[in-house]
Amino acid sequence: VQLQASGGGLVQTGGSLRLSCAASGRTFSGYTLAWFRQATGKEREFVAAFKWANSNPFYADSVKGRFTISRDNAKSTLYLQMNSLQPEDTAEYYCAASRTIITSTLRVPSSYDSWGQGTLVTVSS
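Residues numbered from 1 in each chain as written. Predicted model: local features only at pLDDT ≥ 70, side-chain atom pairs only at ≥ 80, totals over all residues. Heavy atoms only, no water.

### Quick look at the nonpolar core
Generally speaking, nonpolar side chains in soluble globular proteins are found buried as a group.
Part 1: In this structure, Trp35, Leu78, Leu80, Met82 and Tyr93 are the most contacted members of the largest nonpolar core, which totals 39 residues.
Part 2: Other than its neighbours up to four places away in sequence, methionine 82 contacts Gly15, Ser16, Leu17, Leu19, Arg66, Phe67, Tyr93 and Val121. (Core = buried A, V, L, I, M, F, W, Y, C linked by side-chain atoms within 4.5 Å. Buried < 20%, exposed > 50% of the residue type's maximum accessible area, 1.4 Å probe, protein only. Contact = heavy atoms within 4.5 Å.)

As structure tokens, this is what we get:
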């Protein structure tokens, strides 16, 4: 599946943004879908994910209660609603997908075989 992320931008502390990730080539059926982020000079880190067979999302502790992951299967689009943004949320955000993943590894970037290009989120203080 090919992924295309969009929606990044510059926002002030406390503001909101919604990222989108559109899939082409295949539908989302059977895929685990996730968002990761990578700040300058840091490793890529897990943000949120959905397993196909389980509608309950997984979140990193750092974003729980502020970010919401959702998907529109009909549009083959994944979303990340980000509220109460903080300067430490500044990063390049990536969407990812995999059909062969288990719960214990869904927070690990190397578990995913399809990646979108990044979309930059900058939160000013």
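### A short note on the side chain of threonine 32
Part 1: Here threonine 32 shows up in strand E4 (residues 32-38).
Part 2: You can call threonine 32 buried: its relative accessible area is 3%.
Part 3: Other than its neighbours up to four places away in sequence, threonine 32 contacts Phe50, Lys51, Trp52, Ala96, Ala97, Ser98, Ile101 and Tyr112. (Helix = DSSP H or I, 4+ residues; strand = E, 2+ residues; numbered from the N terminus.)

### Quick notes on the packing of aromatic side chains
Part 1: Within the structure shown, the criterion is met by 5 aromatic pairs.
Part 2: An aromatic cluster is defined as three or more aromatic residues linked by ring pairs; in this entry it consists of Phe36, Phe46, Tyr94, Tyr112 and Trp115.
Part 3: The cationic tip of arginine 71 hangs over the ring face of phenylalanine 50; the distance from NZ or CZ to the ring centre is 4.6 Å. (Phe/Tyr/Trp six-rings, centres within 6.5 Å; stacked < 30°, edge-to-face > 60°. Lys NZ or Arg CZ within 6 Å of the ring centre and 35° of its normal.)

### Topic: the pattern of salt bridges
A pair can form between side chains of opposite charge whenever their charged atoms are brought close.
Part 1: Taken as a whole and judged by the stated rule, the model has 4 salt bridges.
Part 2: The partner of lysine 64 in a salt bridge is aspartate 61, and the shortest N-O contact between them spans 3.3 Å.
Part 3: Within the structure, one salt-bridge network assembled from shared partners comprises Arg37, Glu45, Arg66 and Asp89. (Salt bridge = Lys/Arg side-chain N within 4 Å of Asp/Glu carboxyl O.)

### Some words on the sheet that holds strand E3 (residues 17-24)
Adjacent strands of a sheet form backbone hydrogen bonds with each other and so pair up, either parallel or antiparallel.
Part 1: Strand order in this open sheet of 4 strands is E1-E3-E8-E7, and the pairing throughout is antiparallel. The sheet is open, and its two borders are formed by strand E1 (2-6) and strand E7 (67-72), each paired with just one other strand. Put simply, the sheet's adjacent strands are angled 15 degrees from each other on average, direction ignored.
Part 2: When E7 meets strand E8 (residues 77-82), the two strands line up antiparallel, connected through 6 bridges. Residue serine 70 lies in a different strand from E8, and its bridge partner there is tyrosine 79. (Pairing = 2+ DSSP bridges. Axes fitted to C-alpha atoms, helices over the stretch in contact; angles between N-to-C directions.)

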